[in-house]
Structures are given as C-alpha cells and as structure tokens.
Amino acid sequence: MWKIEDAIDLYGIERWGSGYFSYNRKGNLIVTPTKSHSNYIDLKKVVEYFEGKNVKFPILFRFPQILEGQIKEINGAFSSAISEYDYNNSYQAVFPIKVNQRKEVLEEIVKSSKKFNTGLEVGTKAELLAALSFELSEDAVLICNGFKDEEYLKLALYATRIGKNVVIVIDEFDGTERLLKLSQKLNIMPVIGIRAKLYSRGSGKWAESGGETSKFGLTTTEMLDSIRIIKEYDMLEQLKMLHFHIGSQITEVRRIQRAVKEAARVYAKIKGMRINIKYFNIGGGLGVDYDGSKTSSEASANYSIQEYANNVVYSLKDVCDEENVPHPIIISESGRAISAYHSILAIDVKGSKNGYYNRIVEIEGNEPHTIKELYDTLKEINIKNYVEYFHDAIQHRDELISLFNLGEIELGDKSKGEVLFLQICAKAASFARETENKSDEFEDLNKLLSKKYICNFSIFQSMPDFWAIDQLFPIVPVYGVDRKPTEYGTLVDITCDSDGEIDKFVDLKDVKEILELHALDNGSYYLAALLIGAYQDTIGDYHNLFGTVNEAHIIIDDSGKWHIKKTIIGDRNCDVLGSVRYNINSLTSTFKSDVAQALKQKRISEAEADEMLKNYSNVMNEYTYLDYKSG
Ligand SMILES: *Cc1c(COP(=O)(O)O)cnc(C)c1O
C-alpha cells in the first residue's frame, strides 16, 4: 500500500525542505513559511485559485516570510554560538544583493534591519543605487565590493557624507590609491575595508573563488603596502573591516573553519599594528542542502546553519584569545542561505511523450527470422525467465541492426523489430521492479523507457544554473502524491534548445537521471521547482524570447489563512521584443501594410483581414509562454 510517507521519502522533501515544505494527508505540497505547523499553505489551493484567474502559468510563488525566517534562523544560530562560547561581541548578517536584486526581496530583507542590524552588500554602481534607496538601521552596514571607478567611489563617499554606514572595501590593490585620493579631494572620510586573499579555499563548485589564484583579495605583501599607503594619507583609523570570501556553497565545514582561523590570524596581526579593525567579515559560502543528503556532495553541505555559526565563532574566539586581541563584530554575507528557500516555480505540464509507439505488432509470417524471434520472446517472457529473455532480445536487436546495415531488411520490418524490442524492455523492467532487481542493466532500462514531460517554462529563464553549472534543484509534483507515481520521466522545457531538458534530479545517494512521476490522465498536472530563490532571478535570460514569469507573493496570517499580497505580471511578447530593440509600432505597421496589400489584391477578405489584425495584436500583448489546456 502506497502511503503519503512513501512520497515524502521518495522525493526527499523533508530532507531538503528545512522545515518549510512537505506533503499533507491529501498528498498536496504544503508550505509552512513561519515553521509553525498549524499554519501552512496548501499549494493545490493556490494553484486552483490561479486556474480561475487571468494570471497564467508558469507562476513564481514567493514567500516573503521565508526570507524573514532564514534571517531569524541565521541570527539565532550565531547568538547561540556567541553565548555558548562566551564570545564578546555580536553578529550581523549582510545580504549580498547580487544573489537577488528584486525590489520586493530587498524590501523584505531590509525589514529585519531594525531588529537584527541586517545590512546590504553591493558590487556595482547599479546595485549601490538600488541599495541606497533602503533605510537600514543605524548599526547596519552597506558594504561596497567589486571593481570601482571614480563614479562608484564618489557615490559611496557621498552616501557616507549624508550619514549612511558605508564600508568601501579595497578588494584589489590598485583600488587603494584611487579611493584615498578621491576621499582626500572630496574631504570625506570613508570607512575602509580590506579584502584578504587567503591560502584557504572553499570546496565544491566555487573552490576557485578562494586560494592564491582567486580573482579578488590582497596578498600579504599587497595588504602591507596598502596599509602603508593608507597611513601616508593619514586614514589608518578609518580601516575598520577585514573581509574575505572563499566562494559560494562551501560543502565542507572544515574549509570554513580553516579559512576563519587563517583570517583570524591576519586580523590579530593587523590589530597588533594598532589598527582598529571593528568588523570581521567572513563573506558568503554558507551552503544550502539542495539534495538533503547533508554530505559534501556538490548539491549539499555537510553542516547545519548552527554548525556553521559554531565553527566560525569558536575558531575566531580561539585565535583572538591566543593572540590576546578583542573579539570583533562578525559579519557574514550569506546570500544563498537567506534567499534560496523563498521561491517556488509552479509549472504546468502540457503533455508527455514516449520514445516509441506502444502499438500491437502484427506478424504476417514472411518477416525475417529475427523479428519472429523477438515476437516469441515478447510472448513468452515472464517473471522467472526475464533476465535470460532480455539478454536474448538484445542479441536479436543487434542482429536486426546488422542485417539492416547490410541492406537485407526493409524499413517496415525494422520498425516492427524496434517496437517489439522496446516492449520486451518494458516487460523486463517491470519484472525487475517486482523482483527488486537493482542491477545496472535494468536501472538503465528505466531511462531508455522514460517519458519526456513537456513543461511550460524555460530553464534558461527560470533555472539558468541547471544549464550553466549543473546546479540541481528539487522538483516535485504539486499534488497527487497520494497515488503512487508509475512513470519515469525527464522534463523538457518549451525552448527550441536541446539543452532545455532536466535529466538530473536530487537524490539522497546519487543523482537521479529520471524522476518518478504520475501518468497524465485528462486532468492537469503541475510540478514545483523549489529552492530557486538564490541567483536564478537575474541570471535568467531571454533565450528564444521567453520572458520573466508571472509572480505571486503569498503570506500566511496568524489564523492560518493565506493571502496573495501581490501579483506581478511577467513579460508579454511586446516586452521581450522591446528588450531586443524592436519598435512595436513599426512591427505592427509592417504587418498591417502586408495585410492591406493582400486585401487590395483580393487574396483575403475584409473579415479575414480584421481577424488577422486582431490576432496579431492579441499575440503581441500576451504572455510569452504556452496557453492551452492540457489533456
Ligand atoms: C557572491 C558573494 C557572496 C554571496 O555568497 P553566498 O554563497 O551566496 O552566500 C558574498 N560575498 C561576496 C564577496 C560575493 O562575491
């Protein structure tokens, strides 16, 4: 008997869901934004709500309360670690806005600034312009990283002048003099940070962001030179932050520990030079456990947020005490961990296709010998003999192909042979499942026999990291898991790109190449892609001119009722065309004049012409994704 618990286990939802996601008794995906278990949102109900509305799928659901929840969780972890290890200072989170610059996301994060002194980190002029529009608490910092030209520096300095708590980080040596000269010229005292290049590096995909060969950071020699120059400008007391960043998604906790220890020594030695460093900024890298395995595999992290905080606080305190220097304020720039959980893409499945036709093969008697062999194998294969018969079938199939290549078999017979072979495979696979035969040859058969589910979205727009860097994201049915999934599938998006296919899925032990899914009957079928709140929103692109998706922001109140706080309409065809420099008026008038010409030459009727113009204008103003009822 299939139970909801089996579905929860199969999809691993409670392993990677971090307490925010699960399935309820009915088999519907639920979201618990506040982690208070009586208050959850049934996503089936949300999907049904939108089915009756003009906001079409795919729809990105944002849960702003999850952003708040993650900030709370990280702060809570650091405050426990601080009291446990008697650390004599505090912790402040900073959100690096390159991870998600959406206005509503930042608004939510900044809300926590009053309570937790949450700050922002920017790396470009545009990001700084955005960040300056938010009101941070008095003690929160606005950190400026990245390459900086005079305009960027000026903007940061003027912001300092009007009272913003800006820290300008020197993250390449050549930037030192540029900053100091300009500060002197404008007579504005900056708060200065310095980014160290450590020997320690992260682990996982972003290991190259740290270590001696990393793009940013100052070597020991450069740091000493930089400090000397700052002193020459008489601004040494302005140097207040030591920063490092060894890469995103650090999969192993000991890497963090090692980097903190190394940087703590740097801090202590600088402190010993009578420089009053106030902030110890450990950068990003706090990992998200996308596959729920809690291991050092690329899609995971072998530590919890609490273990991360413990390691940072303990290691830093240890070195500080040994070196007899005061404990600095700890800052982390944890972008991924704050934002990954807060958004889910709801995707409508438009159909599925097999690699073969499941038709009955009629044998007429004059077929080549191998076809008859395959036919008999199909008739006689059973649970006892299936391994042997499956091996026979492979031989017959190989023979069939050789004969075809020698010109001895016609296309009609080749087709019969292929269909018979796949039907034998399907039977063998089902016997293997029944007998719990897990050998590779039968597991591989599932892939061969899997269906392609046609999903109404673009990987390039909504999940670009899957394509670019093989980042895995959990994908599960939105409802219906009270029934056992009977199919295996991969997911194809609706772009014309053969890379637009998801054929790697999170798994506890491995990476799955096929996902357990339900057969499509006549009703709708929806899939949810989760943990896509970090990086995907702005890295997403306009491949094939699929635009940004519709969005709904959903919150839950104390009584357990959910509300759509806001909907944002995604790009229409006219929007994406505008973004590649087409002028919509001139496109329209070109089409109009072509229609007029056809009408004049009497190739179409007046009524047809009207209809065509109406259709053209509709398409121009429509959502870029597919819009038809599936089934
Ligand atoms: C990208 C980046 C971050 C964010 O890292 P996460 O792993 O997302 O937390 C933080 N700091 C710097 C300097 C970065 O470049």
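What counts and what doesn't
- Residues numbered from 1 in each chain as written.
- Predicted model: local features only at pLDDT ≥ 70, side-chain atom pairs only at ≥ 80, totals over all residues.
- Heavy atoms only, no water.
- Helix = DSSP H or I, 4+ residues; strand = E, 2+ residues; numbered from the N terminus.
- Contact = heavy atoms within 4.5 Å.
- Areas by Shrake-Rupley, 256 points an atom, 1.4 Å probe, with all protein chains shown as cover.
- Lys, Arg positive; Asp, Glu negative; His and termini not counted.
- Charge placed at Lys NZ, Arg CZ, Asp CG, Glu CD.
- Domains from an automatic or database assignment.
- Expected span 1.5 Å × (residues − 1).
- Near = heavy atom within 4 Å.
- Polar contact = N/O pair within 3.5 Å; in protein donor to acceptor, adjacent residues only side chain to side chain.
- Nonpolar A, V, L, I, M, F, W, Y, C, P; charged D, E, K, R; others polar.
- Patch = residues over 30% accessible without salt bridge, like charges linked within 9 Å, V, L, I, M, F, W, Y side chains within 5 Å.
- Salt bridge = Lys/Arg side-chain N within 4 Å of Asp/Glu carboxyl O.
- Buried < 20%, exposed > 50% of the residue type's maximum accessible area, 1.4 Å probe, protein only.
- Pairing = 2+ DSSP bridges.
- Core = buried A, V, L, I, M, F, W, Y, C linked by side-chain atoms within 4.5 Å.
- Axes fitted to C-alpha atoms, helices over the stretch in contact; angles between N-to-C directions.
- Parallel < 35°, antiparallel > 145°, perpendicular 65-115°, else oblique.
- Left-handed = near helix turned anticlockwise from the far one by under 90°.
- Phe/Tyr/Trp six-rings, centres within 6.5 Å; stacked < 30°, edge-to-face > 60°.
- Lys NZ or Arg CZ within 6 Å of the ring centre and 35° of its normal.

Caption draft 1: Geometry of the overall build of the protein. Helix and strand content of the protein: 23 helices and 23 strands. When its C-alpha atoms are laid out on the principal axes, the protein stretches across 100 × 75 × 60 Å. Considering only contacts in the protein between residues 6 or more positions apart, those separated by 24 or more positions represent 74%. For the protein, the accessible surface area stands at approximately 28900 Å², while carbon and sulfur atoms represent 49% of it. Each charge class in the protein was averaged separately, 76 positive and 93 negative side chains, and the resulting centres sit 6 Å apart.

Caption draft 2: View of the domain arrangement of the protein. Annotation of the protein at the domain level lists domain 1 (65-341), domain 2 (356-448) and domain 3 (588-620). Here domain 2 and domain 3 have C-alpha centroids that lie 53 Å from each other.

Caption draft 3: Structural detail: helix α4 (residues 64-84). Taking 1.5 Å per residue as the helical rise, α4 with its 21 residues ought to reach 30 Å, and the 31 Å between its terminal C-alpha atoms agrees with that figure. Just downstream of α4 lies Asp 86, where phi reads positive at about 55°.

Caption draft 4: Highlighting the site of the ligand. What surrounds the ligand is a group of 17 residues, the closest being Lys 98, Ser 248, Glu 333, Gly 335 and Tyr 535. Between Lys 98 and the ligand, the recorded distance is 2.7 Å, taken from a side-chain N or O atom to an oxygen atom. The separation between an oxygen atom of the ligand and a polar main-chain atom of Gly 335 is 2.8 Å. Bound to the protein, the ligand loses 92% of the 390 Å² it would expose on its own. The residue inventory of the shell around the ligand, partitioned by class, reads three nonpolar, nine polar and five charged.

Caption draft 5: Region of interest: a negative patch on the surface. Where like charges cluster on the molecular surface, the negative patch consists of Asp 440, Glu 441, Glu 443, Asp 444, Asp 510 and Glu 513. Within the secondary structure, Asp 444 sits in helix α17 (residues 440-449). By relative accessible area, Asp 444 is classed as exposed at 52%.

Caption draft 6: Summary view of the pairing of strand β4 (residues 59-62). The side-chain alternation of β4 yields two buried faces, one formed by Ile 59 and Phe 61 and the other by Leu 60 and Arg 62. As defined by bridge partners, β4 adjoins strand β13 (residues 343-353) across four bridges and the pair is classed as antiparallel. Residue pairing in the sheet places Phe 61 in a bridge with Ile 344 of β13. Relative to strand β22 (residues 550-556), β4 runs parallel, the two being bridged by four bridges. Counted as the bridge partner of Ile 59 is Asn 550 from β22.

Caption draft 7: Quick look at helix α16 (residues 411-434). Relative to the 34 Å expected for 24 residues at 1.5 Å per residue, α16 spans 35 Å between its end C-alpha atoms, a close match to the ideal helical length. Just downstream of α16, Glu 436 is the residue with a positive phi angle, here 55°.

Caption draft 8: Representation of the nonpolar core within the structure. Core analysis: the biggest nonpolar cluster contains 156 residues, and Phe 21, Leu 43, Phe 61, Phe 280 and Met 463 have the highest contact counts within it. A total of nine residues in this core trace back to one element, the largest contributor, which is helix α11 (residues 253-272). Judged by nonpolar contacts, the second largest core, of 24 residues, contains Tyr 389, Phe 390, Val 419 and Phe 442.

Caption draft 9: Quick look at the side chain of Ser 339. Residue position: Ser 339 is located in helix α13 (residues 335-339). The class of Ser 339 is buried, set by a relative accessible area of 0%. Of note is the side chain of Ser 339, whose polar atom sits 3.4 Å from the backbone oxygen of Gly 533. Non-local contacts of Ser 339, meaning those with residues more than four positions away in its chain, are made with Leu 67, Phe 95, Val 99, Gly 533 and Ala 534.

Caption draft 10: Structural detail: the sheet that holds strand β2 (residues 29-31). Strand order in the open sheet formed by three strands is β1-β2-β3, with antiparallel pairing between adjacent strands. With partners counted over all chains shown, the strands left at the sheet margins are β1 (21-23) and β3 (41-42), one partner each. Pairing of β2 with β3, which is carried by two bridges, proceeds in the antiparallel orientation. Along β3, the bridge assignment pairs Val 31 with Ile 41.

Caption draft 11: Main features of the packing of α4 against helix α12 (residues 305-323). Packing of α4 against α12 brings their axes to within 8 Å, and their N-to-C directions diverge by 40°. Judged by the inter-axis angle, α4 sits oblique to α12. Remark: the crossing between α4 and α12 carries right-handed chirality. Contact with α4, carried on its side by Gln 70, Glu 73, Ile 74, Ala 77, Phe 78, Ser 80, Ala 81 and Ile 82, involves Ile 305, Gln 306, Tyr 308, Ala 309, Asn 310, Val 312 and Val 313 of α12 and no other residues of that element. For the contact of α4 with α12, the per-class residue count stands at 10 nonpolar, four polar and one charged.

Caption draft 12: View of the sheet that holds strand β11 (residues 279-281). Spatially, β5-β6-β7-β8-β9-β10-β11-β12 is the arrangement adopted by the eight strands of the closed barrel, whose pairing is parallel. Between one strand and the next, the sheet's axes are offset by a mean angle of 25°, whatever the strand orientation. Relative to strand β12 (residues 329-332), β11 runs parallel, the two sharing three bridges. Looking at β12, one finds that Asn 281 is bridged to Ile 331. Running over the sheet, helix α10 (residues 220-232) touches β8 (166-170), β9 (191-195) and β10 (239-243) and is turned about 165° from β9.

Caption draft 13: Representation of the packing of aromatic side chains in the model. Counted by the stated rule, this structure contains 25 aromatic pairs. With a centroid separation of 6.4 Å and 55° between ring planes, the pair formed by Tyr 11 and Tyr 23 is classed as tilted. Residue Tyr 11 is found in helix α1 (residues 4-11), and its partner Tyr 23 is found in strand β1; the two are separated by 12 residues along the sequence. Judged by its relative accessible area of 4%, Tyr 11 falls in the buried class. Cluster of aromatic residues (ring-pair linked, three or more members): Trp 16, Tyr 20, Phe 21 and Tyr 341. Residue placement shows Arg 336 over the ring face of Trp 206; its charged tip is 4.9 Å from the ring centre.

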